[in-house]
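Tertiary structure, described
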Amino acid sequence: MPRRRFWSVFPASAREATDAIVANLLLHAFPARMRVRSLAWTPSLWLGTVSWVLFVSLLVTGLPLMVFYIPSTREAYQSVKDIEHVVSFGWWLRAAHRIAAHAMVIAVTLHLARVFLTGAYRNAAEREQHREWNWVIGVSLLAATVLLSFTGYLLPWDQLAYWAVTTSMNIVASAPLVGRSIRSLLLGADEVGQSALMRFYVLHIVVLPIAVAALFAYHMWRIRKDGGLAHPSEAREHQDALVVETIPTVVIRVAVVTVATWLAVTVLAILIPSPLEEAANPLLTPNPAKAPWYFLWLQEIVADTTVRLGPFTINGALVGGVLLPVALLVVTTLWPWLDRSPASTAGVWMPRQRRTQLLVFGALAVLVVGLTVVGLLRGPSWHFFWPWQPWPDMPSRF
Amino acid sequence: MKDSGFRIQDSGVRSRDSGPPAAGRQPQALSPEPLARRSVLAGLAAAAGLAGLGAQAWIVLRSLVPNVAYDPPTIVKVGRPESFADGLTFVPDRRVFIVRDGKTFRAVSAVCTHLGCTVRPEAFDEADPTDTAGRRQVQVYQFSCPCHGSRYRADGTPVSGPAPGPLAAYRLTLAPDDGQLVVDVGKEVARTSALTLP
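Notes on the structure in this doc start here. (Residues numbered from 1 in each chain as written. Chains lettered and ligands numbered in written order. Predicted model: local features only at pLDDT ≥ 70, side-chain atom pairs only at ≥ 80, totals over all residues.)

With that out of the way, let us pick up the overall build of chain B. Each helix and strand counted, chain B has three helices and 11 strands in total. Listed by position from the N terminus, the elements making up chain B come as α-α-α-β-β-β-β-β-β-β-β-β-β-β. For chain B, the proportion of its 198 residues judged to be buried stands at 21%. Long-range pairs, those at least 24 residues apart, make up 41% of the contacts in chain B between residues at least 6 apart in sequence. (Helix = DSSP H or I, 4+ residues; strand = E, 2+ residues; numbered from the N terminus. Buried ≥ 20, exposed ≤ 12 C-beta atoms within 10 Å, placed from the backbone. Contact = placed C-beta atoms within 7 Å.)

Structure (structure tokens):
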């Protein structure tokens with residue numbers, strides 16, 4: 001049978017299907033059977049799988065880029081330009097890497113929102129479960145994803161990269177007590193330069209990918225130990241009637257999500273070119289200089305929260321760049337212990353019992369999206385421009 | 001032979017639990033002491049191992065803190081005083097403006113106090129305050145930051161935007177050897193201080 005050369009598993013019975021899961025290196029991460037409800041699109045939207053596929057595609061597209069990229073302040077910009085214009089299909093590899101990175105930030109954020117809205121960090125009373133701990137791992141995965149994206153931001157060494165990192169590092173430095181030490185540890189100097197580029201490069205290609213892979217493995221293992229996706233009234237259901245064999249049903253679903261995700265990245269990478277501004281110039285800040293889109297809402301807050309109380313002035317960088325995000329991160333991490341709604345709400349989309357917290361979450365989400373839109377519409381000298389309003393010509397040099 | 005070998009091994013095992021019977025001592029007298037010693041040693045070994053790991057973790061972290069800074073020097077010569085025109089001159093290397101007003105020179109930082117972007121000067125005409133008729137115009141300037149829209153007056157005082165403090169003023173001296181202006185961007189001075197040439 002020729003097809004058996006590529007895939008050994010074609011079970012003829014339920015027993016064989018179970019044995020095949022245990023015997024197969026790739027498949028043994030799955031359970032032998034899964035609930036039909038967990039496989040549907042609505043409870044999870046499959047966002048976790050989408051995130052994982054994006055991570056793998058980032059590893060795959062990142063490898064050829066590593067061959068051409070040179071992490072040196074003298075050569076980085078030119079090597080990215082070469083990838084864009086000289087290397088065969090280099091533009092597409094860079095675009096796919098960039099699109100997948102942006103998409104991963106979106107997918108992981110939506111995944112976190114989904115888990116919050118369905119209360120999936122909640123344990124069913126019957127069983128020994130630690131879903132709250134998996135929520136904490138998930139929050140760390142979101143943080144690692146954003147850091148991965150941000151460290152990649154500096155690598156092209158163009159104006160966009162240089163000034164985004166310069167301002168962010170000054171935000172880090174504004175943190176009380178440890179801020180300056182963290183900044184100099186990340187930059188390896190007082191200003192963004194060669195050692196900063198090298199440190200961000202090592203974080204981007206080694207430290208953070210390994211951290212994400214390890215955390216991901218832990219995340220998946222915990223889902224298995226906790227008995228799969230959270231769903232309502234876990235203990236009472238008639239298991240037999242509602243489960244399917246992993247082979248072939250789950251394998252096919254995962255394959256569909258994988259192919260759809262990769263197809264979307266492929267097409268978007270062809271349609272959306274990757275920007276590359278002028279080479280980094282520490283003497284000239286572009287006008288306007290903006291943070292990466294996922295930090296625009298924070299940039300709005302940083303730009304609007306400088307507080308003056310008589311002779312005392314609190315830098316907006318401390319309020320919007322340190323205190324607020326750290327408080328938000330701490331509350332998010334501890335949320336499973338703060339949420340006192342009944343266990344029966346686990347796995348239910350937006351149940352009435354959680355109305356207050358859902359409203360607060362919705363208000364925060366609207367605020368963040370609104371501030372992001374305002375940030376997108378900022379033009380030269382931080383003035384506000386509608387998309388149809390042309391920006392005035394600004395001299396780019398003195 | 002086979003039997004005796006068995007017996008030796010057997011008694012060896014038993015001796016750990018209850019002591020050799022040949023010594024004639026009571027088993028209870030022996031049992032707590034070696035166990036306590038063993039657990040203390042195990043604890044010490046674990047502590048030593050942890051301390052070693054901690055020290056190595058510190059070594060790795062310490063290696064990442066640079067011992068030599070390759071940042072450019074803070075004290076630079078920027079040119080002879082007469083080479084500066086009245087008004088503003090930007091010195092790109094050190095991100096500083098030299099402000100000349102006749103014989104008076106000042107050095108104003110171009111680094112925004114909010115998040116460290118480079119501010120730009122904006123010049124515009126304004127009615128001369130000394131001209132009561134209001135017909136004469138003078139050129140005044142201010143600094144604006146492209147990052148978050150902070151604005152400063154010419155002397156560095158923040159006017160609007162998120163900037164928490166004024167633009168820094170740096171010490172300005174004359175080089176004794178060739179008479180060039182020397183700015184030290186590592187030394188902040190009061191904003192009123194200026195270098196006045198005779």
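What follows picks up the thread again.
Turning next to the interface of chain A and chain B. Counting residues at the interface gives 29 residues for chain A and 22 residues for chain B. Put simply, the parts of the chain that give the side of chain A that touches chain B at least two residues each are α8 (159-173), α13 (296-304) and α14 (316-338) of chain A. Looking at the side of chain A that touches chain B element by element, the count peaks at five residues for α8(A). Residue classes in the side of chain A that touches chain B are distributed as 14 nonpolar, 12 polar and three charged. (Nonpolar A, V, L, I, M, F, W, Y, C, P; charged D, E, K, R; others polar.)

As a further point, take helix α15 (residues 355-376) of chain A. Helix length check: α15(A), at 22 residues, gives a terminal C-alpha distance of 31 Å against a target of 32 Å (1.5 Å per residue), a fit within 8%. For α15(A), the tally of buried residues reaches only one of 22 residues, placing the bulk of the element at the surface. (Expected span 1.5 Å × (residues − 1).)

Backbone hydrogen bonds hold the strands of a sheet together, and the pairing may be parallel or antiparallel. All names here are of chain B. Pairing is antiparallel across the open sheet formed by four strands, whose spatial order is β5-β6-β7-β8. Lying at the two open borders of the sheet, with one neighbouring strand each, are β5 (120-127) and β8 (158-160). Averaged over all adjacent pairs, the angle separating strand axes in this sheet is 40 degrees, with direction ignored. Of the strand pairs in this sheet, strand β7 (residues 151-153) and β8 are connected by two bridges, and their pairing is antiparallel. If you follow Tyr152 over to β8, its bridge partner there is Pro158. (Pairing = 2+ DSSP bridges. Axes fitted to C-alpha atoms, helices over the stretch in contact; angles between N-to-C directions.)

End to end, α8(A) covers 21 Å across 15 residues, agreeing with the expected 21 Å (1.5 Å per residue, within 8%). Here α8(A) lies mainly inside the structure; 15 of its 15 residues are buried.

All names here are of chain A. Core analysis: the largest hydrophobic core is formed by 92 residues, its most contacted members being Leu54, Ala100, Met104 and Ala161. No other element matches the 11 residues that helix α6 (residues 90-117) contributes to this core. Excluding residues that lie within four positions of it along the chain, Leu54 makes contacts with Ala100, Ala103, Met104, Ala107 and Thr261. Within the second largest apolar cluster, nine residues are counted, among which are Val115, Ala124, Trp135 and Ala230. (Core = buried A, V, L, I, M, F, W, Y, C linked by C-beta atoms within 7 Å.)

Here we come to the environment of Val189(B). Residue and element names in this part refer to chain B. By the secondary structure assignment, Val189 is in strand β10 (residues 181-189). C-beta crowding within 10 Å serves as the criterion here: with 15 such atoms nearby, Val189 is assigned to the partly exposed category. Residues Val189 and Pro129, spaced 60 residues apart in sequence, show a C-alpha to C-alpha distance of 29 Å. Contact partners of Val189, with chain neighbours within four places excluded, come to Ala169, Tyr170 and Arg171.

Attention now moves to the packing of α8(A) against helix α9 (residues 179-187) of chain A. Residue and element names in this part refer to chain A. The N-to-C vectors of α8 and α9 enclose an angle of 145 degrees; their axes lie 7 Å apart at closest approach. Contact residues: α8 offers Met169, Val172 and Ala173, while α9 offers Gly179, Arg180, Ile182, Arg183, Leu186 and Leu187. Among the residues making up the contact of α8 with α9, the classes are represented as six nonpolar, one polar and two charged.

Side-chain direction in a regular strand flips from residue to residue, so the side chains alternate between the two faces of the sheet. Residues and elements named next belong to chain B. Here eight bridges tie β5 to strand β6 (residues 137-144), and the two strands are oriented antiparallel to one another. Paired with Ala123 across the two strands is Tyr141, which belongs to β6. For β6 and β7, the ladder comprises three bridges, and the chain directions are antiparallel. Of the residues in β7, the one forming a bridge with Ser144 is Arg151. Joining the antiparallel neighbours β6 and β7 is a turn of six residues, in which Gly149 adopts a positive phi near 75 degrees.

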